[in-house]
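For reference, the chains in residue letters:
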Amino acid sequence: MDSKPETMPESAELIQSLLDPACYDHAAGPVRVVETHISWVLLTGEFAYKIKKPINLGFLDFSSLDKRLHACCDEVQLNRRLAPAIYLDVVPITGTPAAPRINGSGTTFEYAVKMRQFPVDATLDRLDAEGALTAHHVEAIAATLARFHLAGCARAAPDSPWGTPEKIRKPVVQNFEQIASRLDDPADRELLDALQRWSETEHARIAPLMAARKRDGFVRECHGDLHLGNLAWVDDQLLVFDCIEFNPELRWIDIQSEVAFCYMDLLQRGYADWAWLFLNLWLEATGDYAGLVLLRYYAVYRALVRAKVAAIRAAQTAGRERAAALAEVHTLLHLATALARLLPLRLDITHGLSGSGKTTVTQKLMQTPGAIRLRSDVERKRLAGLDALAKSGSGVGRDLYAADATRRTYAHLAWLTGEILDAGWPVIVDATFTARWQRDLLREMARIRNVEFRILDFPVPVATLRERIVQRARAGNDASEADLAVLQHQLDTEEPLAANEQADIARIDA
């Protein structure tokens, strides 16, 4: 195949020619073009065509026709994992740049990715700009991403080059080099230098875990560029598109690195509550609490990637556009600094019978002021190999709810709590905690780590509890399997909060 490099003037002529609807093998309305730094996207109405620029930027190489074809094929194959209805095919462009035909006959001189077009204002960053982004969108991101990470992306082989501590460190170092060469403000340089020292120290500390994560299968072929601009809301469903196809090093990553991008993106946009919501829902679905040790490092890295892009834009522009880009660099350096900082630690546990509103209230508390929440209903089923919404059919005091299973569940909750606190994240544990030994087990986790401990008490009338349990069972959308028989068992066996526990209690009106 001819791999003669295309020139940018020839490409510019091609794009101009493709504005003519007659170039397509289907009916096309007025054609619009959207340009990025690496491609052009032609919007024809029903379909969109993405053409890669004939460039070599080091981290990507589209300089020959063969390479662009290969990248187009990879783009379709990889994006079909999350958007099979959008990514349709790789089509040839025949004729000449002055008179091209999409999917025509004759000699091919260029290729395009053919996609089903969706509204450009459907992307979540556009919804955010319009004030239309909601918690429902964030919940959909967490659920979709969790499913993808659990079953939709391949795991890196132990002998593959991806995901080693040194591979992870390489782009981190490059960020600092590329930002530093474009910074003039002494205060920003000071922030960057401090972040570089922190990143080097943190990398050395967590490098053994990075290696273990790869060995254990947490380095996977991810999306690689997961931010609100690559997410859309189409036909009342989340659409995830435009993954990184051009550089496997940026795609074969620890799943916590992918999560860190969306987490950071929400924080940058001022949605700290939704960042916590997204993180908690993803963790609850995947169970990857052990990876939280790495999240802070990856979140800082992701903020600095965005700072690098803004710094490059500042170097290429002037006037107001340059000033805006430099202001964005400044903001992102401060965000990265905040992300590197350890949060005040605390451990809250709930105390309340089934139906007392613990999950509803703790969902608010895990978002503001923010914490990692553990739910006994979810972890009990995870230990048994069941999905959170699965019905185990266990009776009162039997199977999943037998005494030994309950002890195993609370021991697991205590262990997870210790791991998360040691990783530097505050914790809320959502469980009934009707027995004194259960509360003491978690109190000990806080005592040996010298962190604040509270018991969130949910006193609710029994009649209200019964009504809520019946309603919840009808809805069928909660991990709890508690019915009225379970509630009665709790009433018969609970150990009330003792006098020496009163100092730890915070009463919750639920």
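Check the entry above for the structure.
Okay, so let's go over this structure. Remember, predicted model here, so these are calculated numbers, not experimental data. (Residues numbered from 1 in each chain as written. Predicted model: local features only at pLDDT ≥ 70, side-chain atom pairs only at ≥ 80, totals over all residues. Heavy atoms only, no water.)

### Some remarks on the sheet that holds strand 14 (residues 452-457)
Spatially, 12-13-11-14-15 is the arrangement adopted by the five strands of the open sheet, whose pairing is parallel. Edge positions in the sheet fall to strand 12 (372-375) and strand 15 (505-507), since each has one partner strand and no second. Neighbour-to-neighbour, the strand axes of this sheet turn through a mean angle of 25°, independent of strand direction. Relative to strand 13 (residues 427-430), strand 12 runs parallel, the two sharing four bridges. From the neighbouring strand, Leu 374 faces strand 13, where its bridge partner is Val 429. (Pairing = 2+ DSSP bridges. Helix = DSSP H or I, 4+ residues; strand = E, 2+ residues; numbered from the N terminus. Axes fitted to C-alpha atoms, helices over the stretch in contact; angles between N-to-C directions.)

### Considerations on the pairing of strand 8 (residues 231-234)
As defined by bridge partners, strand 8 adjoins strand 9 (residues 237-240) across four bridges and the pair is classed as antiparallel. Bridging across to strand 9, Ala 232 finds its partner in Leu 239. Counting the residues that bridge the hairpin from strand 8 to strand 9 gives two residues, and of these Asp 235 lies at a positive phi of roughly 55°.

### A closer look at the nonpolar core
Counting 96 residues, the largest nonpolar core has Phe 278, Leu 292, Leu 304, Leu 347 and Trp 425 as the members making the most contacts within it. In terms of residue count, helix 10 (residues 292-315) provides more of this core than any other element does, 14 residues in total. Counting 19 residues, the second largest nonpolar core, distinct from the first, contains Val 41, Leu 65, Leu 69 and Met 115. (Core = buried A, V, L, I, M, F, W, Y, C linked by side-chain atoms within 4.5 Å. Buried < 20%, exposed > 50% of the residue type's maximum accessible area, 1.4 Å probe, protein only.)

### A look at helix 16 (residues 462-475)
Between the first and last C-alpha of helix 16 there are 20 Å, a value that for 14 residues agrees with the 20 Å anticipated at 1.5 Å per step. Directly beyond the C-terminal end of helix 16, a positive phi value near 65° is found at Gly 476. (Expected span 1.5 Å × (residues − 1).)

### Side note on helix 10
With 24 residues, helix 10 extends 35 Å between its outermost C-alpha atoms, agreeing within 8% with the 34 Å of an ideal straight helix rising 1.5 Å per residue. The buried fraction of helix 10 is high, at 19 of 24 residues.

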